[in-house]
Amino acid sequence: MNRSVKKNIAFSAARRGEWIRKLSSETFDVLVIGGGITGAGIALDAVTRGMSTALIEMQDFAAGTSSRSTKLVHGGLRYLKQFEVKMVAEVGKERAIVYGNAPHVTMPEWMLLPIYRGGTFGRFTTSVGLKFYDYLAGVRREERRTMLSARETLEREPLLRRDGLLGGGYYVEYRTDDARLTIEVVKKAVEQGAAALNYVRAEGLLYDGQGQVNGVEARDMRTGEKLSIRARKVVNAAGPWVDQIREMDGSRRGKTLRLTKGVHLVFDQKRFPLRQAVYFDVPDGRMMFAIPRDGKTYVGTTDTDFAGDPSEPGVTTEDREYILRAANEMFPTLGLTVQDAESEWSGVRPLIYEEGKSPSEISRKDEIFQSPSGLITIAGGKLTGYRKMAETVTDLLVRKLTGEGRGPFGSCVTRNLPLSGGDFGGSTARMEAYVEEQASAGMEQGLTREEAERLARRYGTNVPGVFALVSEIREDALRRKVPLELYAALRYGMDEEMCTLPEDFLVRRSGALFFDVDRVSKYYRSVIDIMADANHWSEDDIRSFVRSIETKLSERGRRL
Ligand SMILES: Cc1cc2nc3c(=O)[nH]c(=O)nc-3n(C[C@H](O)[C@H](O)[C@H](O)COP(=O)(O)OP(=O)(O)OC[C@H]3O[C@@H](n4cnc5c(N)ncnc54)[C@H](O)[C@@H]3O)c2cc1C
């Protein structure tokens, strides 16, 4: 088996044509449908075991659920209440692995769980529950939970309701940028030789004479052209859409998906000056997170049945009111109103249907379905467990392919495989020193220290590639009056991260439409113009991109 990394086409939007030709001309060992975290993880595992691997995504990478989560790499404390001990243990252990391989997109986040008289968790159950949680996840001694008095709890977070407060549990979780985590996994898979492309939709499955699936009929969503992609094994990792693919295969039987919607609202820190991430009780018995991030505070989530189009689940007045009520109950001095929310997002959980269970009670476990045609479907699960899920699916692929005389293929290597940008020599502690070092390099290019540090934190060990672009774009940035930091990130996205449409950059490569709407209001025209010049877009295209971003901004109450 040859594990050496193949030289690949640059992962640049300008090279789409070559990627399309590659997809339609080779027969791959594995073709993955879906470029969320699940599909990305499988592509990375498969390619690093020596399989020729392709991945297609009908929207942008992570545009489905994988950019719409609570953005935590967590074991799911609340699942202990449902006695899902094995899942909590497995996913909990994965947290440290994700952090170790990608400290630039994952960071430890201390979480405060306030305990109230008459609340879901008492002092004793919280203490035992968190201890058990740490034990299951194999948490390091210095990161194990501590129990706090009411006074200590309020010192950590003065905004909390005082009435009935008994104390708090203080324990560690990890915060991530879900979309950037996904893109770093995709980039790593591409670095290792996989062919991955966004805006390519599977529209039908192809079969051999024995009725075994051996590829897909796909459409390039940018040009409308059809292409056939051939593969020995096809994996359906289409998240909320997995049943649509099973439907194409005529194998949507037995267990099916149940979609539930989750909404988050974002507030400026000036209006919601939360110091500390908080996991709190909601009067209806659910739990909610409030998390500070980049000068903002986000709060969520709801959990309601959903039957519409998963690509734009939308946010209703009831969703907003539910979150506001819960936040105002827990942080009563704030008096938050709907006008205070500067942005919001909603996503749908692809859960496996279990009769008689309410949305919050349905298991978050993943499951693999194999159809008579050989189609492999992976559904359910969590962002946090993506690597382990990928390992299980790829083990199955190895068994199937070797049974057919392919291979040999290696064993799983992703446990200790840094993601793209996460190459800190196996030591997360090196990240801070690296950011410091790179800040000076960025300043030499004319960036401020703050800008250079921000870029180094976002791109990790890929940041020299971002800084290298500054000299190229400097003059144009001045002419267009666009900050160097923003322009360099955009160019890097277009050249190295298959950033194809303005929203790819504004939502998934930078997170700005969620966490920095002011900046988006100020620069969205320049972003569209820069991309239009590079991609030779027509006036009609430009108008439609402008309209799309303006609609999103006006939904967020921005005056343009
Ligand atoms: C509100 C909310 C909060 C959550 N919070 C957390 C959290 O904090 N931590 C955590 O670990 N997990 C969390 N989760 C769960 C986690 O986000 C999901 O389990 C995970 O993102 C699912 O990833 P996926 O790749 O399976 O699905 P997706 O990300 O939806 O990816 C599937 C992809 O397949 C593509 N696709 C569909 N059909 C086709 C086709 N025909 N051709 C090509 N491509 C296709 C879609 O466009 C989509 O991008 C949360 C989920 C929600 C909804």
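Residues numbered from 1 in each chain as written. Predicted model: local features only at pLDDT ≥ 70, side-chain atom pairs only at ≥ 80, totals over all residues. Heavy atoms only, no water.

A. Representation of the overall build of the protein in the model. From N to C terminus, the protein includes 18 helices and 18 strands. Taken along its principal axes, the extent of the C-alpha atoms in the protein is 70 × 60 × 45 Å. Within the span of the protein, comprising 560 residues, buried residues form 61% of the whole. Side-chain charges of the protein comprise 83 positive and 79 negative groups, with the mean position of each set lying 3 Å from the other. (Helix = DSSP H or I, 4+ residues; strand = E, 2+ residues; numbered from the N terminus. Buried < 20%, exposed > 50% of the residue type's maximum accessible area, 1.4 Å probe, protein only. Lys, Arg positive; Asp, Glu negative; His and termini not counted. Charge placed at Lys NZ, Arg CZ, Asp CG, Glu CD.)

B. Seen up close, the side chain of threonine 182. Here threonine 182 is to be found in helix α6 (residues 178–191). Judged by relative accessible area, which is 0%, threonine 182 ranks as buried. Side-chain polar atoms of threonine 182 contact the backbone oxygen of aspartate 178, separated by 2.9 Å. The residues touching threonine 182, leaving out its near neighbours within four places in the chain, are Gly35, Gly36, Ile37, Ala40, Ala62 and Ser66. (Polar contact = N/O pair within 3.5 Å; in protein donor to acceptor, adjacent residues only side chain to side chain. Contact = heavy atoms within 4.5 Å.)

C. Expanded view of the site of the ligand. In the vicinity of the ligand lie 38 residues, with Thr38, Glu57, Ser66, Leu72 and Thr384 positioned nearest. Serine 66 is positioned with one of its side-chain polar atoms (N or O) 2.5 Å from an oxygen atom of the ligand. Within the backbone of alanine 202, an N or O atom sits 2.9 Å from a nitrogen atom of the ligand. Isolated, the ligand exposes 1000 Å² of accessible area, and the fraction of that covered by the protein chains is 97%. Looking at the shell around the ligand, the elements that each hand over two or more residues are α2 (37–48), β8 (200–207), β11 (257–268) and β16 (341–352). (Near = heavy atom within 4 Å. Areas by Shrake-Rupley, 256 points an atom, 1.4 Å probe, with all protein chains shown as cover.)

D. How the structure looks around the pairing of β16. Burial of β16 is extensive: twelve of the twelve residues sit out of reach of the surface. Inspection of the sheet shows β11 paired to β16 by eleven bridges, in the antiparallel sense. Following the sheet pairing, valine 266 is matched in β16 by serine 343. (Pairing = 2+ DSSP bridges.)

E. Structural view of helix α4 (residues 123–137). When the terminal C-alpha atoms of α4 are compared, their 21 Å separation across 15 residues agrees well with the 21 Å that a helix rising 1.5 Å per residue should span. Listed as buried for α4 are Thr126, Ser127, Gly129, Leu130, Tyr133, Asp134, Leu136 and Ala137. On its buried face, α4 sits against α3 (85–101), β4 (106–116), β5 (146–149) and β6 (165–176). Once α4 ends, the next one or two residues include glycine 138, with phi positive near 65°. (Expected span 1.5 Å × (residues − 1).)

F. Broad picture of the pattern of salt bridges. Per the counting criterion, the structure on display carries 55 salt bridges. Here aspartate 60 makes a salt bridge to arginine 509, at a shortest N to O gap of 2.7 Å. Taken together, the positions of aspartate 60 in the loop between β2 (53–56) and β3 (72–73) and arginine 509 in helix α15 (residues 502–509) put the pair 449 residues apart, joining distant regions of the chain. Exposure class is identical for aspartate 60 and arginine 509. Each is buried. Beyond isolated ion pairs, a larger network of salt bridges with shared partners links Asp60, Asp504, Arg508 and Arg509. (Salt bridge = Lys/Arg side-chain N within 4 Å of Asp/Glu carboxyl O.)

G. Representation of unusual backbone geometry. For the peptide bond that leads from glycine 300 to threonine 301, omega is 25°, which places it in the cis range. For threonine 301, the position within the fold is in the loop between β14 (296–300) and β15 (304–305). Residue proline 408 follows glycine 407 across a cis peptide bond; omega there is 5°. For proline 408, the position within the fold is in the loop between α9 (386–403) and α10 (430–444).

H. Fine view of the packing of aromatic side chains. In total, this model carries 18 aromatic pairs according to the counting rule given. The rings of Phe267, Phe272, Phe280 and Phe331 are connected pair by pair, giving a single aromatic cluster. Looking at arginine 161, its charged tip hangs above the ring of tyrosine 116, at a distance of 4.1 Å from the centre. One cation-aromatic arrangement involves arginine 293 over phenylalanine 515; the distance from NZ or CZ to the ring centre is 3.9 Å. (Phe/Tyr/Trp six-rings, centres within 6.5 Å; stacked < 30°, edge-to-face > 60°. Lys NZ or Arg CZ within 6 Å of the ring centre and 35° of its normal.)

I. Looking closely at the pairing of strand β12 (residues 277–281). Burial analysis of β12 places five of its five residues in the buried class, which makes it a mostly covered element. Here β12 shows no split at all, with Ala277, Tyr279 and Asp281 on one side and Val278 and Phe280 on the other all buried. The pairing of β4 with β12 spans two bridges and is classified as parallel. Directly across from methionine 111, in β12, lies its bridge partner alanine 277. Sheet analysis places β12 next to strand β13 (residues 287–293), joined by four bridges and oriented antiparallel. Residue tyrosine 279 lies in a different strand from β13, and its bridge partner there is phenylalanine 289.

J. Structural context of the packing of helix α14 (residues 484–496) against helix α17 (residues 517–535). As a packed pair, α14 and α17 sit with axes 11 Å apart at the nearest point and diverge in direction by 45°. As summarised for this structure, α14 and α17 are arranged oblique, according to the angle between their axes. Regarding α14 and α17, the two cross each other, and that crossing is right-handed. For the pair α14 and α17, the contacting residues are Glu485, Leu486, Tyr487, Leu490 and Met494 in the first and Arg519, Tyr523, Val527, Ile530, Met531 and Ala534 in the second. Partitioning the contact of α14 with α17 into residue classes produces nine nonpolar, no polar and two charged. (Axes fitted to C-alpha atoms, helices over the stretch in contact; angles between N-to-C directions. Parallel < 35°, antiparallel > 145°, perpendicular 65-115°, else oblique. Left-handed = near helix turned anticlockwise from the far one by under 90°. Nonpolar A, V, L, I, M, F, W, Y, C, P; charged D, E, K, R; others polar.)

K. Representation of the nonpolar core. By size, the foremost hydrophobic cluster in this structure holds 78 residues, and its most contacted members are Leu23, Ile42, Ile56, Val216 and Ile229. Considering each element in turn, this core owes the most residues, eight residues, to α9. Residues Ala452, Cys499, Ala512 and Val517 belong to the second largest nonpolar core, which totals 70 residues. (Core = buried A, V, L, I, M, F, W, Y, C linked by side-chain atoms within 4.5 Å.)

L. Just helix α13 (residues 470–480), in detail. Taken as a whole, α13 has its buried residues at Val470, Ile473, Asp476, Ala477 and Arg480. Down the axis of α13, the smallest arc covering the buried residues is 135°, so these residues share one side. Among the exposed residues of α13, those oriented more than 90 degrees off its buried face are Glu475, Leu478 and Arg479. For α13, the elements touching its buried residues are α12 (463–467), α14 and α17. Lysine 481 lies just past α13 and shows a positive phi near 60°. (Arc of directions from axis to C-beta.)

M. Quick look at the environment of glycine 262. Relative to the elements of secondary structure, glycine 262 occurs in strand β11. For glycine 262, a relative accessible area of 4% gives the class buried. On a C-alpha basis, the gap between glycine 262 and glycine 300 in space is 7.5 Å, while along the polypeptide they are 38 residues apart. Sequence-distant contacts of glycine 262, defined by excluding residues within four places in its chain, comprise Thr301, Thr302, Trp345, Ser346, Gly347 and Arg349.

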